[in-house]
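Notes for the structure review
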Amino acid sequence: MNDKGNKENKEDIKYKFATRCIHGPKKYAPDVYGPTNPVTSPIYMTSAFNVKQALDGVLPNYIYTRGSNPTINELQSKLADLENGESCLAFASGMAAISNTLLSLGKKGTIITDPEVYGGTHDLLKKQIVNFGMKIKFIDFNDIEKVQNSITDDTKVLYLESPCNPTMKFIDIEEIVRIGKENDILTVFDNTLNSPYNLNPLDYGIDVVVHSCTKFISGHGDTVAGAVITKKRTILKIMKVLHEFGGIISPFNAWLLLRGLRSLHVRMERHNTNAIKLATFLESRDDKIEKVLYPGLENSPYHNIAKKYLKKGFGGVLSFYLKKGLYIPKFLSTLKIPAYTVSLGDTDTLIEDPYNLSHFGMPRKTKKTIGINFYMIRVSVGIEDIEDLIDDFEQALDSI
Ligand SMILES: Cc1ncc(COP(=O)(O)O)c(C=O)c1O
């Protein structure tokens, strides 16, 4: 039995996932928040800390929020713990986390990635990262021989996401890890779509995990944020870039994420079950739907690979193609429950057509190559009652 009042015992115990979502590793709370002992941590909305003790030669823990802040530190400690990682840095957005990580780890080298990575990352690599003297190669990460052959002496990073947003391609993570380890190249994994509930990529040998915390980690669609989780020595490298570029998360947003994390396990459980039920229903509507993309479906080409890694569920995001000739705007506007918008991972169901919305800026040729066409719809399945969602999709499909 564990003694709830005994700090030493508490630090010895590795609680199960749900307990850690709520309580975190409890490393900061007793030291930082002091004798008031709040159950819910306060928000340290301060840009600077009075460091008079430094005048007496005592090194302060906190000086300036761009460098360090108790609320942000608590979030970082919780996220590192949930990803089974050593250390974490939180950022103002997912893109800030990805860009700062790549600027730091890809320095003077080549980054190799799959063409189906999230459109924002695709743009970042092609339009911004190249301006910092790095080279980018897009290779199909399920063609292991091609990945192997594309490695050169200056390859610094293998960057992947799985499933890819919005094509739902699933990559065999351990194969990429093997190539990374054999060639002494870092692997960076965007775990946004899985959240730490469905997958801990570091357990499979991935070196660095990045997140858009805007999505499932927040869960409530009320903040934009990002995070990187990896070994302490790698975090120290990325931290320099963060401090100098300045893309720090606000303590208020860090607090919102701490609140969101308290229910991550419950929300993800429901996202997983709702998504497979909706995917199965959509697959049954082959009168209007050409194809459903969801690795949880047995006839998905990625089902067997995904099953190897996703033990709790296949996540809350799915895509599908409506049959050619159907009027997409009518379908989207007839739906009553989902919001027509970008983003994903909220309690609310969100729907969009990536060709026109989230991937609007991606060159048409790239969209065509990776299968983002006019008829593709992406759904972030929320945690509403699934019967209501299915009824709603049914009436919208019947309307076209
Ligand atoms: C997989 C993935 N990674 C990264 C991002 C970027 O995150 P943010 O919008 O928080 O900057 C997104 C945003 O949609 C995403 O879907």
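Everything that follows concerns the structure shown earlier in this document.
Every value quoted in this text rests on a predicted model; they were computed, and no experiment measured them.

**Thoughts on the nonpolar core**
Membership of the largest hydrophobic core comes to 87 residues, with the highest contact counts inside it found for L278, L282, F320, L322, F331 and F393. In terms of residues, this core owes the most to one element, helix α12 (residues 264–284), which gives 7 residues. Counting contributing residues per domain, this core is built from domain 1 (7–261) and domain 2 (264–398), each supplying no fewer than three. What L322 contacts, discounting residues up to four positions off in sequence, is K288, I289, E290, I328, F331, Y375, I377, L397 and I400. In this structure, L102, L125, V241 and L242 belong to the second largest nonpolar core, which totals 25 residues.

**Structural notes on the site of the ligand**
The local shell around the ligand holds 15 residues, among which M95, D190, S212, T214 and K215 are the closest. A distance of 2.6 Å separates an oxygen atom of the ligand from a polar atom in the side chain of T214. Interatomic distance of 2.9 Å between a side-chain N/O atom of K215 and an oxygen atom of the ligand. Protein chains bury 90% of the 390 Å² of accessible surface belonging to the ligand in isolation. Counting residues per element, the shell around the ligand draws most heavily on helix α5 (residues 94–105), at 3 residues. In terms of residue class, the shell around the ligand is made up of 6 nonpolar, 6 polar and 3 charged.

**Focus on the pattern of salt bridges**
Where side chains of opposite charge bring their charged atoms close, a pairing between them can arise. Per the stated rule, a full pass over the model turns up 18 salt bridges. Of the charged contacts in the structure, one is a salt bridge between D81 and K14, with a shortest N-O distance of 3.3 Å. Remark: K14 occurs in the loop between α1 (7–12) and α2 (17–23) and D81 occurs in helix α4 (residues 70–82); sequence separation between them is 67 residues. With relative accessibility at 11%, the residue D81 sits in the buried group. Assessed through its relative accessible area of 54%, K14 is described here as exposed. Across the pair E244 and K240 runs a salt bridge, and its minimum N-O distance is 3.4 Å. Here E244 and its partner K240 are both found in helix α10 (residues 232–245), 4 residues apart, which amounts to about one turn of the helix. Residue E244 shares its accessibility class with K240, and that shared class is exposed. Within this structure, D114, E116, D140 and K169 form a network of salt bridges that share partners.

**Some remarks on the pairing of strand β1 (residues 87–91)**
In terms of burial, β1 is a largely internal element, 5 of the 5 residues being buried. Of the two faces of β1, the one lined by S87, L89 and F91 and the one lined by C88 and A90 are each fully buried. Sheet topology places β1 next to strand β7 (residues 226–230); 5 bridges connect them, and they run antiparallel. Of the residues in β7, the one forming a bridge with A90 is A227.

The rules behind each value
Residues numbered from 1 in each chain as written. Predicted model: local features only at pLDDT ≥ 70, side-chain atom pairs only at ≥ 80, totals over all residues. Heavy atoms only, no water. Core = buried A, V, L, I, M, F, W, Y, C linked by side-chain atoms within 4.5 Å. Buried < 20%, exposed > 50% of the residue type's maximum accessible area, 1.4 Å probe, protein only. Helix = DSSP H or I, 4+ residues; strand = E, 2+ residues; numbered from the N terminus. Domains from an automatic or database assignment. Contact = heavy atoms within 4.5 Å. Near = heavy atom within 4 Å. Polar contact = N/O pair within 3.5 Å; in protein donor to acceptor, adjacent residues only side chain to side chain. Areas by Shrake-Rupley, 256 points an atom, 1.4 Å probe, with all protein chains shown as cover. Nonpolar A, V, L, I, M, F, W, Y, C, P; charged D, E, K, R; others polar. Salt bridge = Lys/Arg side-chain N within 4 Å of Asp/Glu carboxyl O. Pairing = 2+ DSSP bridges.

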